[in-house]
Amino acid sequence: WCLSTVIFDFLLGFALGLVCCDIFSNGACREREISAYQGGIFFVVTFLLFLAHYPMLFVAERIVLALLIAIISLVCAGICFAFWIKISPISAIIIGAYVLWLAYLSFVNGYIILNI
């Protein structure tokens, strides 16, 4: 679990770097720049929620709150994907893989709640 967190943190940073590089170096049009910033807002929200998920689930043992955090993070990552697919296909692929990982986390949390 922790190893996948470290890997996805690195990949998410790489995706953010690709979007920033594309926007700042190419002098992107206004629409792409707005999409980058809007996706960036959802990126920050999903990243912070992802960091809060592990302690809520395993340390504080607040399973329902951890499920809520995972679902909100999943929705924000999906919105970020929708904004960033217009800018960088590689970043969109990374965020798409991250969305799948968050869907798995949500499924595991829901499974834990239903089996208690």
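See above for the structure.
Residues numbered from 1 in each chain as written. Predicted model: local features only at pLDDT ≥ 70, side-chain atom pairs only at ≥ 80, totals over all residues. Heavy atoms only, no water.

**Q** Even after reading the chapter, I still don't get the nonpolar core, so can you show me in this structure?
**A** Proteins that are soluble and globular tend to have nonpolar side chains buried together. Counting 20 residues, the largest nonpolar core has Trp 84, Ile 95 and Tyr 98 as the members making the most contacts within it. At the level of secondary structure, the elements contributing two or more residues to this core comprise helix H1 (2–26), helix H2 (30–59), helix H3 (63–84) and helix H4 (89–114). Considering every element that reaches this core, the biggest residue donor is H4, with seven residues. Those residues in contact with Tyr 98, other than ones at most four positions away along the chain, are Phe 8, Leu 12, Thr 46, Phe 47, Phe 50, Ser 73 and Ala 77. (Core = buried A, V, L, I, M, F, W, Y, C linked by side-chain atoms within 4.5 Å. Buried < 20%, exposed > 50% of the residue type's maximum accessible area, 1.4 Å probe, protein only. Helix = DSSP H or I, 4+ residues; strand = E, 2+ residues; numbered from the N terminus. Contact = heavy atoms within 4.5 Å.)

**Q** What am I meant to see in the packing of H2 against H4 here?
**A** Working note: a packed helix pair is described by the angle between its axes plus the distance between those axes. At a closest axis distance of 13 Å, the pairing of H2 and H4 adopts a crossing angle of 35 degrees. The crossing of H2 and H4 is left-handed. Contacts from Phe 43, Thr 46, Phe 47, Phe 50, His 53 and Leu 57 in H2 reach Ile 95, Tyr 98, Trp 101, Leu 102, Leu 105 and Asn 109 in H4. Residue composition of the contact of H2 with H4, grouped by class: nine nonpolar, three polar and no charged. (Axes fitted to C-alpha atoms, helices over the stretch in contact; angles between N-to-C directions. Left-handed = near helix turned anticlockwise from the far one by under 90°. Nonpolar A, V, L, I, M, F, W, Y, C, P; charged D, E, K, R; others polar.)

**Q** How should I be thinking about the packing of H2 against H3 in this particular structure?
**A** Running from N to C, H2 and H3 cross one another at 160 degrees; their axes reach a closest spacing of 8 Å. On the basis of their axis angle, the class for H2 and H3 is roughly antiparallel. Handedness of the crossing formed by H2 with H3: left-handed. Its residues placed into classes, the contact of H2 with H3 shows 21 nonpolar, seven polar and no charged. (Parallel < 35°, antiparallel > 145°, perpendicular 65-115°, else oblique.)

**Q** Hey, could you run me through the packing of aromatic side chains in this one?
**A** What characterises a pair of aromatic rings is the spacing of the ring centres plus the angle enclosed by the ring planes. Under the criterion given, the structure shown has nine aromatic pairs. Summarising the aromatic geometry, the rings of Phe 8 and Trp 101 are spaced 5.9 Å apart at their centres and angled 20 degrees between planes, so their arrangement reads as stacked. On the criterion of sequence distance, the pair formed by Phe 8 in helix H1 and Trp 101 in helix H4 is long-range, its members being 93 residues apart. For Phe 8, a relative accessible area of 13% corresponds to the buried category. Ring-pair connections join several aromatic residues into one group, and the members of that group are Phe 8, Phe 50, Tyr 98, Trp 101 and Tyr 104. (Phe/Tyr/Trp six-rings, centres within 6.5 Å; stacked < 30°, edge-to-face > 60°.)

**Q** Is there a simple way to explain the pattern of salt bridges in this structure?
**A** Oppositely charged side chains are able to pair whenever their charged atoms sit close together. With the rule as written, the count across this model stands at one salt bridge. Note that Arg 32 is salt-bridged to Asp 22, the shortest N-O span being 2.4 Å. A residue pair is termed long-range when its members are at least 10 positions apart, and Arg 32 in helix H2 and Asp 22 in helix H1 qualify at 10 residues. Here Asp 22 falls in the buried class, since its relative accessible area comes to 14%. (Salt bridge = Lys/Arg side-chain N within 4 Å of Asp/Glu carboxyl O.)

**Q** What am I meant to see in the side chain of Ser 88 here?
**A** Along the chain, Ser 88 falls in the loop between H3 and H4. The exposure class assigned to Ser 88 is buried, which follows from its relative accessible area of 9%. Apart from residues lying up to four places away in sequence, Ser 88 is in contact with Leu 18 and Val 19.

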